[in-house]
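# Residue-level structural notes
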Amino acid sequence: MFARLSAFLLLSLVLSASAFAQSSKAYAPEDLRDLNRNDQVRVLEREYADQADGRQMPDDQLEFYLDQIESGWTFSHIKEDIAKSLGGGSNAWRPRPGRPVAGIPPRSVPVIHCASPRKFGYGECRTPFRDRARLVRQTSRTACIEGRTWGSRFGVVWVNNGCEGDFGPLAVRGGVAYTVTCGSNNYNFRACAWRPQYGYPQLIEQISRAPCVQGRSWGYDRVRGLWVNRGCEARFGTRY
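### Focus on the overall build of the protein
Each helix and strand counted, the protein has 4 helices and 14 strands in total. When the accessible surface of the protein is totalled, it reaches about 13800 Å², and 53% of it is carbon and sulfur.

If you want it as structure tokens, here you go:
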């Protein structure tokens, strides 16, 4: 009798713990576009910390997921992708980087080279710009046809079925070549990743109600990189 009672109590504790774990995970809607920017950041950082034993998500990975939320990634999709990224190897979260095209200085309009893997497989390449891409030059015998053998989304060019070529940003001259969104959480100081080859960042779009004033609530230097403070949240970039 005592053994049965002990087993029953143990089972109850296990079920309660399981229910608590499940309920504790229910801190975000499936469609993260229902949240404001600060809450999206909070959810992403918490999920990463839960899976990574308390480690902080890298800034560039955070920006990547924020972009994917805008393109329709669900919370489940992001959780799965975080798990893969922490597994390492071929499951790394970011696509392989596109190679800069020879002869084009980094500070000019960025153009990268992306090639379909062997056996005409599907591949993705990171781009140094957030805009949609355009095909600058086809270098493969196989035709590169947008929507069929190549395409693009925020920060990524994909190729398939043997397409290989050089790709640049779609935006016309005077558009934005490279952007980073950086926000001050709870009016605290925060530094964000910025690629030095793009020079000094400019304020492209203020997102927060708090003013973004250069030198007071945002700035850039070689030690701290791009930084924001006092509630400033904005999109920073370089133009060409």
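### A word on the pairing of strand β13 (residues 225-228)
The sheet contact formed by strand β10 (residues 190-192) and β13 spans 3 bridges and is antiparallel. Considered in β13, the bridge of arginine 190 is made with valine 228. Taken together, the 4 bridges between strand β12 (residues 218-221) and β13 define a ladder with antiparallel strand orientation. Bridging across to β13, tyrosine 220 finds its partner in leucine 226. Counted between consecutive antiparallel strands, the loop separating β12 from β13 contains 3 residues.

### Concerning the sheet that holds β12
Spatially, the 3 strands line up as an open sheet ordered β10-β13-β12, and their pairing is antiparallel. The sheet terminates laterally at β10 and β12, the two strands that pair on one side only. Each neighbouring strand pair of the sheet contributes to a mean axis angle of 25°, computed without reference to strand direction.

### A closer look at the side chain of histidine 113
Its location among the elements puts histidine 113 in strand β3 (residues 112-115). For histidine 113, a relative accessible area of 9% gives the class buried. In terms of polar contacts, histidine 113 uses its side chain to reach the side chain of glutamate 164, at 2.7 Å.

### Topic: the confidence of the model for the protein
Averaged over every residue, the pLDDT of the protein is 75; the share at 70 or more is 73%. Across residues 17-25, where pLDDT falls below 50, the model places 3 contacts with residues more than four positions away in sequence or in other chains. Between residues 88-93, whose pLDDT stays under 50, and residues either more than four places distant or in other chains, the model counts 10 contacts.

### As for helix α2 (residues 37-51)
In this model, α2 (15 residues) spans 21 Å end to end at C-alpha, consistent with the 21 Å of a helix rising 1.5 Å per residue. Among all positions of α2, only Arg37, Gln40, Val41, Val43, Leu44, Glu47 and Tyr48 are buried. Here the buried residues of α2 occupy an arc of 165° about the axis, which is enough to place them on one side. Once α2 finishes, aspartate 53 follows within two positions and takes phi at roughly 55°, a positive value.

### Quick word on the pairing of β3
Along β3, one buried face is formed by Ile112 and Cys114 and the opposite face, lined by His113 and Ala115, is buried too. As defined by bridge partners, β3 adjoins strand β8 (residues 164-169) across 4 bridges and the pair is classed as antiparallel. Bridge pairing in β8 links isoleucine 112 to phenylalanine 167.

### Description of the environment of serine 76
By the element assignment, serine 76 lies in helix α4 (residues 75-87). Considered as a pair, serine 76 and proline 29 are 47 residues apart in the sequence and their alpha carbons are 9.6 Å apart. Within the structure, serine 76 has its side chain in polar contact with the side chain of glutamate 30 (distance 2.7 Å).

### Section: the packing of aromatic side chains
How two aromatic rings sit relative to each other is given by the distance of their centres and the angle of their planes. As enumerated under the stated definition, the model contains 5 aromatic pairs in all. Relative to tryptophan 158, the ring of tyrosine 122 lies with its centre 6.0 Å away and its plane at 25°, an arrangement referred to as stacked. A residue pair is termed long-range when its members are at least 10 positions apart, and tyrosine 122 in the loop between β3 and β4 (123-126) and tryptophan 158 in strand β7 (residues 156-159) qualify at 36 residues. For tyrosine 122, a relative accessible area of 44% translates into the label partly exposed.

Rules used throughout
Residues numbered from 1 in each chain as written. Predicted model: local features only at pLDDT ≥ 70, side-chain atom pairs only at ≥ 80, totals over all residues. Heavy atoms only, no water. Helix = DSSP H or I, 4+ residues; strand = E, 2+ residues; numbered from the N terminus. Areas by Shrake-Rupley, 256 points an atom, 1.4 Å probe, with all protein chains shown as cover. Pairing = 2+ DSSP bridges. Axes fitted to C-alpha atoms, helices over the stretch in contact; angles between N-to-C directions. Buried < 20%, exposed > 50% of the residue type's maximum accessible area, 1.4 Å probe, protein only. Polar contact = N/O pair within 3.5 Å; in protein donor to acceptor, adjacent residues only side chain to side chain. pLDDT = per-residue confidence, 0-100. Contact = heavy atoms within 4.5 Å. Expected span 1.5 Å × (residues − 1). Arc of directions from axis to C-beta. Phe/Tyr/Trp six-rings, centres within 6.5 Å; stacked < 30°, edge-to-face > 60°.

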